[in-house]
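Coordinate analysis (summary)
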Amino acid sequence: QVQLVESGGGLVQAGGSLRLSCAVSARSLRFAPMGWYRQIPGKQREWVAAITTGPTPTNYADSTKGRVTISRDNARNTVYLEMRSPKPEDTGVYSCNKMGPMTSLGPWGQGTQVTVSS
């Protein structure tokens, strides 16, 4: 859990913006394809965004496409998620992890809570 530390969440007004950070200390993950996930209260965790080294290095879920941007700074071993114009339905716990089958992901960090007010 200490190998993935998310931060940057908080209370944000709808239409505002914020940037989430994921500090990656696990050596095996520092240059691996990484993604952001979220868990809405009462629902299963879902994938939000991915970043790789391929010809199309970023990809996004339809639910947040156009409203989030994923990036990484390998020198700082950090993955970011910029959220723009978030909606109340975006409220949840946001976590980072490697890309892969959901059942194989882990361990998870504590995540960072994002609460969007109307």
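Before any of the text, the structure's been laid out above.
Residues numbered from 1 in each chain as written. Predicted model: local features only at pLDDT ≥ 70, side-chain atom pairs only at ≥ 80, totals over all residues. Heavy atoms only, no water.

Enumeration over the complete set of coordinates arrives at 5 salt bridges. With a shortest N-O distance of 2.2 Å, R76 and D73 are connected by a salt bridge. The exposed category is assigned to R76, whose relative accessible area is 59%. Among the salt bridges present, the one from R84 reaches E82, with a minimum N-O distance of 3.5 Å. Owing to a relative accessible area of 34%, E82 belongs among the partly exposed residues under this scheme. (Salt bridge = Lys/Arg side-chain N within 4 Å of Asp/Glu carboxyl O. Buried < 20%, exposed > 50% of the residue type's maximum accessible area, 1.4 Å probe, protein only.)

The subject of this paragraph is unusual backbone geometry. With an omega of 0°, the peptide bond between G106 and P107 qualifies as cis. With respect to the helices, strands and loops of the structure, P107 is situated in the loop between β9 (92-98) and β10 (112-117). Despite not being glycine, N77 shows a phi value in the positive range, around 50°. Looking at the secondary structure, you find N77 in the loop between β7 (68-73) and β8 (78-84). Judged by its relative accessible area of 21%, N77 falls in the partly exposed class. (Helix = DSSP H or I, 4+ residues; strand = E, 2+ residues; numbered from the N terminus.)

Mapped onto the fold, T112 is located in strand β10. Here G9 takes part through its backbone nitrogen, which lies 2.9 Å from a polar atom of the side chain of T112. (Polar contact = N/O pair within 3.5 Å; in protein donor to acceptor, adjacent residues only side chain to side chain.)

Under the definition given, this model contains 1 aromatic pair. With a centroid separation of 5.3 Å and an interplanar angle of 90°, the aromatic rings of Y37 and W108 are classed as edge-to-face. Here W108 lies in the loop between β9 and β10 and Y37 lies in strand β4 (residues 34-39), a separation of 71 residues in the sequence. Under the relative-accessibility criterion, W108 is labelled buried at 17%. For R45, the ring lying beneath its charged end belongs to W108, and the centroid distance is 3.7 Å. (Phe/Tyr/Trp six-rings, centres within 6.5 Å; stacked < 30°, edge-to-face > 60°. Lys NZ or Arg CZ within 6 Å of the ring centre and 35° of its normal.)

Across the sheet, 6 strands lie side by side as β2-β10-β9-β4-β5-β6; this open sheet has mixed pairing. A strand with exactly one partner marks an edge of an open sheet, and here the two such strands are β2 (10-13) and β6 (58-60). Taken over all neighbouring pairs, the strand axes of this sheet differ in orientation by 25° on average, direction set aside. Note that strand β5 (residues 46-51) and β6 share 3 bridges and pair antiparallel. Bridged to I51 within β6 is T58. (Pairing = 2+ DSSP bridges. Axes fitted to C-alpha atoms, helices over the stretch in contact; angles between N-to-C directions.)

This part takes up the sheet that holds strand β3 (residues 17-24). Across a sheet, paired strands are connected by hydrogen bonds in the backbone, their directions being either parallel or antiparallel. Strand order across the open sheet formed by 4 strands is β1-β3-β8-β7, with antiparallel pairing between neighbours. The open sheet terminates on both sides in strands that have one partner only, identified here as β1 (4-7) and β7. Here the strands of the sheet are splayed against their neighbours by 15° on average, with no regard to which way each runs. Note: β3 against β8, 7 bridges, orientation antiparallel. What sits directly across from C22, in β8, is V79.

The values reported here are purely geometric and, on their own, carry no functional implication.
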